[in-house]
Amino acid sequence: MITLNVDLGERSYPIYIGDNLLGDKKLLQQHVPGRNVLIVSNETVAPLYLEQILAMLEDKHTETCILPDGEEFKNLETLNTIYDVLLGRKLDRNTTIIALGGGVIGDMAGFAAASYQRGVHLVQIPTTLLSQVDSSVGGKTAVNHPLGKNMIGAFYQPKAVIADTATLNTLPDRELSAGIAEVIKYGLIRDLPFFEWLEQNMDKLLQRDTQALEHAIEVSCRNKAEVVAADEKESGQRALLNLGHTFGHAIEAGLGYGQWLHGEAVATGMCMAAIMSQQLGWINTEAVKRTTSLIAQANLPIHAPNDLSIEQFIDLMSVDKKVMDGVLRLVLLKAVGHAVITDDYTPDQLITAIQCSYAICVIIMDHLAPYGSV
Ligand code: NAD
Ligand code: GLY
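Since we're looking at a predicted model, the values are computed, not measured. (Residues numbered from 1 in each chain as written. Chains lettered and ligands numbered in written order. Predicted model: local features only at pLDDT ≥ 70, side-chain atom pairs only at ≥ 80, totals over all residues. Heavy atoms only, no water.)

### Notes on the overall build of the protein
Looking only at helices and strands, the protein features 14 helices and 13 strands. Over its C-alpha atoms the protein spans a radius of gyration of 20 Å, differing by no more than 12% from the 21 Å that the globule rule assigns to 374 residues. Across its three principal axes, the protein shows a C-alpha extent of roughly 60 × 40 × 40 Å. Classification of the 374 residues of the protein by burial places 59% in the buried group. (Helix = DSSP H or I, 4+ residues; strand = E, 2+ residues; numbered from the N terminus. Rg over C-alpha atoms; globule rule 2.2 N^0.38 Å. Buried < 20%, exposed > 50% of the residue type's maximum accessible area, 1.4 Å probe, protein only.)

### A few points about the packing of aromatic side chains
Considering all chains together, one arrives at two aromatic pairs under this definition. Just above the ring of Tyr-186 sits the side chain of Lys-185; from NZ or CZ to the centre is 5.1 Å. (Phe/Tyr/Trp six-rings, centres within 6.5 Å; stacked < 30°, edge-to-face > 60°. Lys NZ or Arg CZ within 6 Å of the ring centre and 35° of its normal.)

### Details of the pairing of strand β4 (residues 61-67)
Pairing analysis gives seven bridges linking strand β3 (residues 36-42) to β4, with the strands arranged parallel. Pairing of Leu-38 across the sheet is with Glu-63, part of β4. (Pairing = 2+ DSSP bridges.)

### Examining the pattern of salt bridges
Following the criterion strictly, the structure yields 15 salt bridges and no others. A salt bridge links Lys-185 to Glu-182; the nearest nitrogen and oxygen atoms lie 2.9 Å apart. Residue Lys-185 and its partner Glu-182 are located together in helix α6 (residues 173-190), separated by three residues, close to a single helical turn. For the pair Lys-185 and Glu-182, a shared accessibility class is recorded, and that class is buried. What you see here is one network of salt bridges that share partners, running through Asp-134, Glu-182, Lys-185 and Lys-224. (Salt bridge = Lys/Arg side-chain N within 4 Å of Asp/Glu carboxyl O.)

### Here's the deal with the site of ligand 1
Ligand 1 sits among 28 residues. The nearest are Asp-69, Glu-71, Thr-127, Thr-128 and Thr-170. Here an oxygen atom of ligand 1 sits 2.8 Å away from a polar atom, N or O, in the side chain of Lys-74. Among the elements of the structure, α2 (46-56), α4 (103-115), α5 (129-135), β8 (148-155) and α6 are those that each provide at least two residues to the shell around ligand 1. Grouping the constituent residues of the shell around ligand 1 by class yields seven nonpolar, 11 polar and 10 charged. (Near = heavy atom within 4 Å. Polar contact = N/O pair within 3.5 Å; in protein donor to acceptor, adjacent residues only side chain to side chain. Nonpolar A, V, L, I, M, F, W, Y, C, P; charged D, E, K, R; others polar.)

### A short note on the site of ligand 2
Taken together, Asp-134, Lys-140, Lys-224, Glu-234, Arg-238, Leu-241 and Asn-242 are the residues near ligand 2. Relative to its unbound accessible area of 200 Å², ligand 2 is 90% covered by the protein chains. Per-class residue counts for the shell around ligand 2 are one nonpolar, one polar and five charged. (Areas by Shrake-Rupley, 256 points an atom, 1.4 Å probe, with all protein chains shown as cover.)

### Re the nonpolar core
If you look at soluble globular proteins, the nonpolar side chains tend to sit buried side by side. Counting 82 residues, the largest nonpolar core has Leu-129, Ile-184, Met-276, Phe-313, Met-317 and Ile-354 as the members making the most contacts within it. No other element matches the 10 residues that helix α10 (residues 262-279) contributes to this core. When sequence neighbours within four positions are dropped, the list of residues in contact with Leu-129 reads Leu-168, Leu-171, Leu-176, Gly-179, Ile-180, Val-183, Leu-213 and Ile-217. (Core = buried A, V, L, I, M, F, W, Y, C linked by side-chain atoms within 4.5 Å. Contact = heavy atoms within 4.5 Å.)

### Here's the deal with the sheet that holds strand β1 (residues 2-6)
Spatially, seven strands are ordered β1-β2-β9-β6-β5-β3-β4 in an open sheet, and the strand pairing comes out mixed. This sheet does not close on itself; its edge strands, each paired only once, are β1 and β4. Along the sheet, successive strands turn relative to each other by an average axial angle of 15°, direction set aside. Across six bridges, strand β5 (residues 96-101) lies against strand β6 (residues 121-126) in parallel orientation. In the strand pairing of β6, Thr-96 is matched with His-121. Sheet contacts for helix α3 (residues 76-88): β3, β4 and β5; angle to β4, the most-contacted strand, approximately 160°. Each of β1 and β2 (13-18) touches helix α8 (residues 210-230); the most contacted strand, β1, lies at about 15° to it. (Axes fitted to C-alpha atoms, helices over the stretch in contact; angles between N-to-C directions.)

### Remarks on unusual backbone geometry
A positive phi angle, near 65°, is found at Asn-20, a position not held by glycine. In this structure, Asn-20 sits in the loop between β2 and α1 (25-29). Positioned with a positive phi, Asn-299 is a non-glycine residue whose angle comes to about 60°. Position of Asn-299 among the secondary structure elements: in the loop between α11 (285-297) and α12 (310-317).

### Considering α6
Here α6 is 18 residues long and its end C-alpha atoms lie 27 Å apart, about the 26 Å a rise of 1.5 Å per residue gives. Of all the 18 residues making up α6, 14 are buried; the element is thus mostly covered by neighbouring parts of the structure. (Expected span 1.5 Å × (residues − 1).)

Put into structure tokens, the structure is as follows:
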């Protein structure tokens, strides 16, 4: 088992990464201080892993809240069903909420933990690659609003993150690829050697080679933990973790939540950011090619969806959380392995970048088959 630490003073916590951690009773119990536990999961994950979690908590008072599965349910209405259970079962302030599932469950259970009685204990047990490398770490919790993704939420750190790589064995291929998008993100924004490692090892990741997956999760979490420790509430460099997200969130909200997976939208968003960086003269065509090639190799989409117009993109991007005093800041690339946050661009340059992103395959990816519909 690999143990990393998110260094946040008295709110520091461990990230455990390893095979079959869900069988380790002591590991979980040391992060459950009280008698009461609420496990929040969904109707896909609960049949697979809930029994194992309950077995580790046999001496506790456990309640469960099983939510419908899907990004389209990540909203205030579904969140309210968690409060219904918490209040209906009279769960007190010393309750621990366990988030068992992917990023949707982690974000919603996390927000419930942040807000119920002004804060109860939270343990994240992420079961998708995306949630193991990103969403379970760092304390961002939220639900969506029809007008904007993750717009209602709070920063709230868990007591521990338990990432059991064995849970990835049941993950569909499309979800695995979506997780790889966030893995590639760390290489692009701040870790060139990791990007190079991914170029060499993408096939192993797609074949679910255990060692390769563990390495990718460890390096990703290490990167995330460093960034979060330096800037927990995103007043500066944490925004770099949003590479591709401003474009991606527009795709998710614009097409309707759940049409494209979050990781798929981020993948295309990173290609769009690369194109825009190239147009600003910051990176060369070769860097765009490397970025889009690796993303395509992970079976992820690389071009913007045709059914989302430039006007829709611009409109949806304008409600991004990186808008400050009416100015949209974007995360763009100065090099592969070096991202910056910037408002140093003109509206025309943004429009041109979006325009080019519809045709990215034609322009620079002529050696690759365009990604099909997702
Ligand atoms: P998800 O939670 O929807 O999970 C993907 C699918 O896989 C779901 O159908 C789920 O039921 C299923 N699943 C989960 N674990 C499984 C397993 N082990 N075996 C089989 N099926 C399994 O999606 P996700 O990609 O994990 O997370 C995306 C969400 O995370 C988005 O809402 C995004 O906004 C959020 N996010 C948050 C942060 C953050 O910092 N808080 C960071 C990145 C993404
Ligand atoms: N996923 C972006 C962040 O945690 O800041």
